[in-house]
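# Structure assessment
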Amino acid sequence: MDDYEQWFERLERVPTLSQWVGDLRSQHRHWFSEDVRSDLVKWKNTLSQLPEVKDLGFSVDEGLLKFAPHEFVTEEALKAFHPWRKGPFQIGEHYVNTEWRSDWKWERVAENVNLKGKRILDIGCGNGYYLWRMLDAGAEWALGIDPYLPYVMQFKCMQHFAGRDDRAEILPIGVEALPRDAKSFDVVFSMGVLYHQKSPLEHLAHCRDLTEKGGEVILDTIVLPPHFSEVTDCLVPEGRYAKMKNVNFLPSVEMLKSWLRKLRFTSVEILDYSKTTLEEQRATDWMVFESLPDFLDPEDIDKTLEGYPAPWRVVLKVTV
Ligand SMILES: C[S@@+](CC[C@H](N)C(=O)[O-])C[C@H]1O[C@@H](n2cnc3c(N)ncnc32)[C@H](O)[C@@H]1O
């Protein structure tokens, strides 16, 4: 679980990252230390319940990410990793029907971005669903970061079935721990992260400064619906938004574009702008907590329970 040396060496070969790798090496023994993480014993036990498999690897079939197709895996062993939010997956004979149809988001992104031979950073990568899709799209390697241990453990579950593919990895850290001005990655993904940040400009500038000159940032975030079309439109929810405590701002698309211009991105392309549907985000047997249908006004699904506009999302490709 804790063997990151190969990755550290890979990142160290990028001159602008070598100092950061020094920091990572010194922190990394704490990432999976039982003294620091009280839930780690439980996770190690959960991982140890997965069957040994002969058939290592993964495949993608019409958006479905498949592991261990010829092996027997119990539903109980997989459900121990609940909540399954990003997917879907086929693991053994089980269709892991995740809360999100992440394959739909990926379809909207992938047809517009060339990832062949690219070195990728995915900020807030969740369980790493997209890392596998990036490899499948020809990336040289894909590094995810996400500080939430249960999602990292879902990735460990997939690594168990795929084998430790040395082209994809997750570091269990937050965006704050990334170097400031490394200009090291060909493509930086920030999907579903911006609206959780305290300062949007700070996060966007950080993404820009992590990307090589001429590279791309793929940004996906919640925005206001189309009738908020002014460059001055932005919602700052005072309490919760769609029951979430940590949504800090929802700009109009025009305001978001103005932030990107101010930060001197060289081009901004809208890949998608659409309302999040009840088919794309919903509770399932594999994610039994509340989901989008519970966050919207039952009398008017264009509004959240708090009376704000229901979520629309935009996906942008911006060039550095
Ligand atoms: C809404 S989810 C988006 C997941 C995925 N990128 C997607 O688009 O489907 C936000 C993710 O950001 C992660 N996250 C939260 N705080 C973070 C931080 N400070 N740095 C990086 N990721 C963070 C969460 O754990 C979660 O997995």
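Preceding this section is the structure that the text describes.
Below, the structure is looked at part by part. Because the structure is a prediction, the values reported are computed rather than measured.

This paragraph deals with the site of the ligand. Neighbouring residues of the ligand: 15 residues in total, closest Lys105, Gly124, Asp146, Glu176 and Met191. Here Val175 contributes a backbone N or O atom positioned 2.8 Å from a nitrogen atom of the ligand. Contact between the ligand and Glu176: a nitrogen atom at 2.7 Å from a side-chain N or O atom of the residue. Compared with its free state, where it exposes 600 Å², the ligand has 83% of that area covered by protein.

Strand-to-strand pairing in sheets goes through backbone hydrogen bonds, with the strands running parallel or antiparallel. Strands sit in the order 9-8-7-10-11-17-14 across an open sheet of 7 strands; the sheet is mixed. Each edge of the open sheet carries a strand with a single partner, namely strand 9 (168-171) and strand 14 (267-275). Pairwise comparison of adjacent strand axes, ignoring direction, gives a mean angle of 15° for this sheet. Taken together, the 4 bridges between strand 8 (residues 141-145) and strand 9 define a ladder with parallel strand orientation.

Read across the sheet, 4 strands follow the order 1-2-4-5 without closing on themselves; strand pairing throughout is mixed. The two strands at the open ends of the sheet, each matched to only one other strand, are strand 1 (58-61) and strand 5 (94-96). Neighbour-to-neighbour, the strand axes of the sheet open up by a mean angle of 25°, direction not taken into account. Bridge count for strand 4 (residues 89-91) against strand 5 is 3 bridges, and the pairing is antiparallel. Each bridged residue has a counterpart across the sheet, and for Phe89 the counterpart in strand 5 is Val96. On the sheet, helix 6 (residues 129-136) packs against strand 1, strand 2 (64-67) and strand 4 and is oriented at approximately 85° with respect to strand 1.

Two cysteines form a disulfide when their sulfur atoms are joined by a covalent bond. The tally for this structure, following the rule as stated, stands at 0 disulfides. The structure places no disulfide on Cys157, whose sulfur is separated from the nearest cysteine sulfur, that of Cys125, by 15 Å. The class of Cys157 is buried, set by a relative accessible area of 0%.

Mapped onto the fold, Asp165 is located in the loop between helix 7 (149-162) and strand 9. A distance of 2.7 Å separates polar atoms of two side chains, one belonging to Asp165 and the other to Arg167. Setting aside anything within four residues of it in sequence, one finds Asp165 in contact with Phe58, Trp132 and Leu135.

Below, the discussion takes up the environment of Asp209. Of note, Asp209 is situated in helix 8 (residues 200-210). For Asp209 and Gly174, which are 35 residues apart along the polypeptide, the C-alpha to C-alpha distance reads 16 Å. Leave out the neighbours within four places in its chain, and Asp209 touches Arg180, Asp181, Ala182 and Lys183. Polar side-chain contacts of Asp209 include one of 2.9 Å to the side chain of Arg208.

Given a rise of 1.5 Å per residue, 14 residues ought to cover 20 Å, and the 20 Å separating the end C-alpha atoms of helix 2 (residues 18-31) matches this to within 8%. Its maximal kink placed at Arg25, helix 2 deviates by approximately 30°. Looking at helix 2, one finds that the buried residues are Trp20, Val21, Leu24, His28 and Trp31.

Rules behind the numbers
Residues numbered from 1 in each chain as written. Predicted model: local features only at pLDDT ≥ 70, side-chain atom pairs only at ≥ 80, totals over all residues. Heavy atoms only, no water. Near = heavy atom within 4 Å. Polar contact = N/O pair within 3.5 Å; in protein donor to acceptor, adjacent residues only side chain to side chain. Areas by Shrake-Rupley, 256 points an atom, 1.4 Å probe, with all protein chains shown as cover. Pairing = 2+ DSSP bridges. Helix = DSSP H or I, 4+ residues; strand = E, 2+ residues; numbered from the N terminus. Axes fitted to C-alpha atoms, helices over the stretch in contact; angles between N-to-C directions. Contact = heavy atoms within 4.5 Å. Disulfide = S-S within 2.5 Å. Buried < 20%, exposed > 50% of the residue type's maximum accessible area, 1.4 Å probe, protein only. Expected span 1.5 Å × (residues − 1). Bend = angle between axes of the 7 residues up to and from the residue.

The quantities given are spatial measurements derived from coordinates; they are silent on function.
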